Amino acid sequence: MGAAETGVAGYIAAWRPVSVPPQAACFARAVVGQAAPAGRERAKNLLWAAGRLADYGTRLGLEPVPEVLLHPSVIERFTAHAPGLTGVSRRTLRTNLRFVARRVVPQLCPPDLPLPRERARAPYSAAEISGYLALAAAQPAQARRMRAAGLVGLGAGAGLIRADLRQVRGTDITARSGGVIVEVRGRRPRAVPVLARYHEILLASAGFAGKSLVTGGTDPGRHNVTTPLITALAGGTGLPRLDTSRLRATWLAEAAELLGLATFMAAAGITCSQRLGDIIATLQPGDEAEAVALLGAQR
């Protein structure tokens, strides 16, 4: 055993805290010794976690043995309901206790299977969007031309997909607040400013549709209402089949660029937007005119 390993083992053997009962401390020394932490600081954290778990478990009448206290259900109950712990402490305790459990009672902790993480769709390039609009303009019937152009404009110009896209009527697209606005209905009603390059395209499609649905059909609840339009835009120009999720990603990418979002996140050192979303949820969004100006959507 090297000097470092001897030091860690000696630290574990000598650990006698006053914050937990002797029985809980004995349990912690036994399981952390089996877990073989790499350093003294790591051992200290694991001992604290195991000692708190044992103190909690024995107060409930649980037997202080690894097969009982390190069971995943006991760890979850402890980290969720033990009194006097902050949110950060609960997460840290659970991470450390899961580590000890995997080392000491691996039969109770089968390895987690990696689940696929859905990635953001790649935005279309400006050339690809121009290609789809050219295909839309080449359709033999005016109705098909207007609906296909409206589909591209609502997706890449306003970021609409699924029911939000299917429910848009011509009367929902208006020129106001210094730009062009799409009134979105459904579960999340909102006013969306259209990016400037799609103004004329959507106003023309809206004028043709009138009170009817911009992308065609009579029932916006039909899930395949845009399928004929997507098929019509699958031409022999080397373009991939149109994907409305990629149209939305195109709108999101352009809006993020206009807002300078990448520059801000790099300056703040943020790589995950979860906490940023928590902060934004406390702020009051601007009005319609401010949104138009912010997204460069003025006419």
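Before going into details, it helps to say that this report is about the structure given with it.

About the thresholds
Residue numbers run consecutively from 1 along every chain, following the written order of its sequence. Residues qualify for local features only when their pLDDT is at least 70, as the model is predicted, and side-chain atom pairs are given and counted only at 80 or more; totals for whole chains, interfaces and linings, by contrast, use all residues. The side-chain quantities take in all heavy atoms of the structure and omit both hydrogens and water. Strands here mean DSSP runs of E at least two residues long; helices mean DSSP runs of H or I at least four residues long; both are numbered from the N terminus. A 1.4 Å probe rolled over the protein chains alone gives each residue an accessible area, and that area as a share of the maximum for its type sets the label: buried under 20%, exposed over 50%, partly exposed in between. The contact rule is simple, with two residues in contact once any of their heavy atoms fall within 4.5 Å. Patch criteria: residues need more than 30% relative accessible area and no salt bridge. Like-charged residues are merged within 9 Å; nonpolar side chains of Val, Leu, Ile, Met, Phe, Trp and Tyr are merged within 5 Å. Throughout, the Shrake-Rupley method with a 1.4 Å probe supplies accessible areas, and for residues the shown protein chains are the sole cover considered. A carboxyl oxygen of Asp or Glu within 4 Å of a side-chain nitrogen of Lys or Arg is what we treat as a salt bridge. Note on definitions: angles span 0 to 180 degrees between N-to-C directions of axes, and those axes are lines fitted to C-alpha atoms, for helices only across the stretch in contact. Reported orientations rely on four angle classes, namely roughly parallel under 35 degrees, roughly antiparallel over 145, roughly perpendicular from 65 to 115, and oblique for the rest. Residues are grouped as follows: nonpolar covers Ala, Val, Leu, Ile, Met, Phe, Trp, Tyr, Cys and Pro; charged covers Asp, Glu, Lys and Arg; every other residue, Gly included, is treated as polar. For our purposes a nonpolar core is just a set of buried Ala, Val, Leu, Ile, Met, Phe, Trp, Tyr and Cys residues, chained together by side-chain atoms within 4.5 Å. For two strands to be treated as a pair, DSSP must find no fewer than two bridges joining them.

**Some points on the overall build of the protein**
- The secondary structure content of the protein amounts to 15 helices and three strands.
- Along the first, second and third principal axes, the C-alpha set of the protein runs to 85 × 40 × 40 Å.
- Relative to its 299 residues, the protein shows a buried fraction of 37%.
- Considering only contacts within the protein whose residues lie at least 6 apart along the sequence, 66% involve residues at least 24 apart.

**Side note on a nonpolar patch on the surface**
- Residues Leu 259, Leu 261, Phe 264 and Leu 294 make up a contiguous nonpolar surface patch of about 370 Å² in total accessible area.
- By secondary structure assignment, the location of Phe 264 is in helix H13 (residues 261-268).

**Observations concerning the pattern of salt bridges**
- In this structure the tally under the stated criterion is ten salt bridges.
- Between Arg 98 and Glu 76 there is a salt bridge; the shortest N-O distance is 2.8 Å. In this pair, Arg 98 is assigned in helix H6 (residues 87-104) and Glu 76 in helix H5 (residues 72-81), connecting sequence segments 22 residues apart.
- Residue classification places Glu 76 among the partly exposed positions, given a relative accessible area of 30%.

**Here's the deal with the environment of Ile 181**
- Along the chain, Ile 181 falls in strand S2 (residues 179-184).
- A relative accessible area of 0% means that Ile 181 is categorised as buried.
- The contact partners of Ile 181, leaving out residues within four places of it in the chain, are Asp 172, Ile 173, Thr 174, Arg 176, Ala 191, Val 192, Pro 193, Glu 288 and Val 292.

**Looking at the packing of helix H3 (residues 40-59) against H5**
- For the pair H3 and H5, the least separation of the axes is 10 Å and the interaxial angle reads 95°. For the element pair H3 / H5, the angle class is roughly perpendicular. Between H3, through Arg 52, Leu 53 and Tyr 56, and H5, the contact on the second element is made entirely by Val 74, Ile 75, Arg 77, Phe 78 and His 81.
- Counted by class, the contact of H3 with H5 contains five nonpolar, one polar and two charged residues.

**Considerations on unusual backbone geometry**
- Despite not being glycine, Ala 36 shows a phi value in the positive range, around 55°.
- Notably, Arg 162 is not glycine yet its phi reads approximately 50°, a positive angle.

**Considering the nonpolar core**
- Formed by 36 residues in total, the largest nonpolar core has its most connected members in Leu 154, Leu 160, Ile 173, Val 182, Leu 233 and Leu 242.
- Among the elements that line this core, the one with the most residues is helix H8 (residues 142-158), at seven residues.
- Discounting residues that sit within four places of it in the chain, Val 182 has contacts with Leu 154, Ala 158, Leu 160, Val 168, Asp 172, Ile 173, Arg 190, Ala 191, Val 192, Val 194 and Leu 202.
- Ranked by size, the runner-up nonpolar core spans 35 residues in total, among them Val 8, Ile 12, Val 31 and Tyr 56.

**Quick word on the sheet that holds S2**
- Taking strand neighbours across the sheet as the criterion, the three strands line up as S1-S2-S3 in an open arrangement whose pairing is antiparallel. A single partner strand is all that each edge strand has here, and the edge strands are strand S1 (173-176) and strand S3 (190-193). Direction aside, the axes of adjacent strands within the sheet are offset by 35° on average.
- Taken together, the four bridges between S2 and S3 define a ladder with antiparallel strand orientation. Paired with Ile 181 across the two strands is Pro 193, which belongs to S3.

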